[in-house]
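As a plain string of letters, each chain reads:
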Amino acid sequence: MTAKVLSAAAVVFLLGASAYGAFFVAPNELTMGIVQRIFYLHAPCGMTALAAFMLCFVGNLGYLFKREAKWDWLGVSCAEVGLAFCTVVLLRGPIWAKPAWGVYWAWDARLTSTLVLWLLYLSYLILRTMVDDPDRRALISSFYGVFIFLDVPLVYGSIWWWRTQHPQPVVFTSGGLNPEMRKIFYLSWLSLTALMVLLIRQRYELEAVRAEAQILTREAEAA
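Residues numbered from 1 in each chain as written. Predicted model: local features only at pLDDT ≥ 70, side-chain atom pairs only at ≥ 80, totals over all residues. Heavy atoms only, no water.

Caption draft 1: Region of the structure containing the overall build of the chain. Looking only at helices and strands, the chain features seven helices and zero strands. When the helices and strands of the chain are read in sequence order from the N terminus, they spell out α-α-α-α-α-α-α. Residue burial in the chain is summarised as follows: out of 223 residues, 40% are buried. Restricting to contacts in the chain with at least 6 residues of sequence separation, those with at least 24 account for 74%. Put simply, the chain has 18 plus and 15 minus side-chain charges, and the middle of one group is 9 Å from the middle of the other. (Helix = DSSP H or I, 4+ residues; strand = E, 2+ residues; numbered from the N terminus. Buried < 20%, exposed > 50% of the residue type's maximum accessible area, 1.4 Å probe, protein only. Contact = heavy atoms within 4.5 Å. Lys, Arg positive; Asp, Glu negative; His and termini not counted. Charge placed at Lys NZ, Arg CZ, Asp CG, Glu CD.)

Caption draft 2: Molecular detail of helix α5 (residues 134-148). Compared with an ideal rise of 1.5 Å per residue, which puts 15 residues at 21 Å, α5 spans 21 Å between its outermost C-alpha atoms and is within 8% of the ideal. Along α5, the residues classified as buried are Arg137, Ala138, Ser141, Ser142, Gly145 and Ile148. For α5, the angular spread of buried residues about the axis comes to 135 degrees, placing them on one side. Turned more than 90 degrees from where α5 packs its buried face, Asp135, Arg136, Phe143 and Phe147 sit exposed. In this structure, the buried residues of α5 make contact with α2 (39-66), α3 (69-101), α4 (109-129), α6 (151-161) and α7 (179-222). (Expected span 1.5 Å × (residues − 1). Arc of directions from axis to C-beta.)

Caption draft 3: Up close: unusual backbone geometry. Positive phi outside glycine occurs at arginine 67, with the angle close to 55 degrees. By the secondary structure assignment, arginine 67 is in the loop between α2 and α3. Take arginine 67: its relative accessible area is 46%, and that puts it in the partly exposed class.

Caption draft 4: Spatial organisation of the environment of glutamine 214. Here glutamine 214 shows up in helix α7. Taking the C-alpha atoms as reference points, glutamine 214 and proline 134, 80 residues apart in sequence, are found 9.2 Å from one another.

Caption draft 5: Quick peek at the layout of surface pockets. Quantified by volume, the second largest pocket comes out at close to 390 Å³. Together, 21 residues line the second largest pocket, and Trp73, Pro134, Arg137, Ala211 and Gln214 are the ones closest to its centre. Sorting the residues of the lining of the second largest pocket by element identifies α3, α4, α5 and α7 as the ones contributing at least two each. Among the elements that take part in the lining of the second largest pocket, α7 stands out by supplying seven residues, more than any other. (1 Å grid on protein atoms, 1.4 Å probe; cavity = no way out; pocket = protein on both sides within 12 Å on 5 of 7 lines; lining within 4 Å. Points joined across faces, edges and corners; volume = space filled by probe spheres on them.)

Caption draft 6: View of the pattern of salt bridges. Following the criterion strictly, the structure yields eight salt bridges and no others. One salt bridge in this structure joins lysine 4 and glutamate 205, with 2.9 Å as the shortest N-O distance. In this pair, lysine 4 is assigned in helix α1 (residues 2-25) and glutamate 205 in helix α7, connecting sequence segments 201 residues apart. The partly exposed category is assigned to glutamate 205, whose relative accessible area is 26%. Measuring nitrogen to oxygen at the nearest pair gives 3.6 Å for the salt bridge that ties arginine 210 to glutamate 207. Within this pair, arginine 210 and its partner glutamate 207 are both found in helix α7, separated by three residues, close to a single helical turn. With a relative accessible area of 40%, arginine 210 lands in the partly exposed category. One network of salt bridges, with partners in common, ties together Glu80, Arg203, Glu207 and Arg210. (Salt bridge = Lys/Arg side-chain N within 4 Å of Asp/Glu carboxyl O.)

Okay, here's the thing in structure tokens:
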């Protein structure tokens, strides 16, 4: 229990430090001004969501090859956490888009593929509620999870492959970001990644307890 409390406290500290840095340390962007500070939440949330969906893909593949319940638990845990981060991206994006582009939403490749990604993983979770048998549910959702992961590289590569409203990458290119902005961005990314790991771990443990409870219920009914 102590380790969990310390982990949660460390995540809260990182989140607080990144929020302070985004509001009070990072300089104002010359063109967009204060609204650009959404960048320190928006972009890292998007990257964290893609990382969670990648882990979901690993869990789905693991179940297909191993047929072990722990891989299914990993898959559903990462899908839920990734969907939460993706929701933040879709909600915060229009707030930034309106002053930057003049519209809340533009049906460009990056935005559209991200919305499709959100809908696909939402349908992944809905699909799981429609199958009662745990083994069959895990198998069907794993097949589906492997298929829908194809949209993840499309989201990531959309700004290179098609003309979009989104600017070209600035984080991993030399001279793309002010040094102070880059430091705050990395801190925000680290804090959100730590939050993702914490949430996936807690959700995984919950799924394991739920599976154990279902086994005990079936044994009691059989007895």
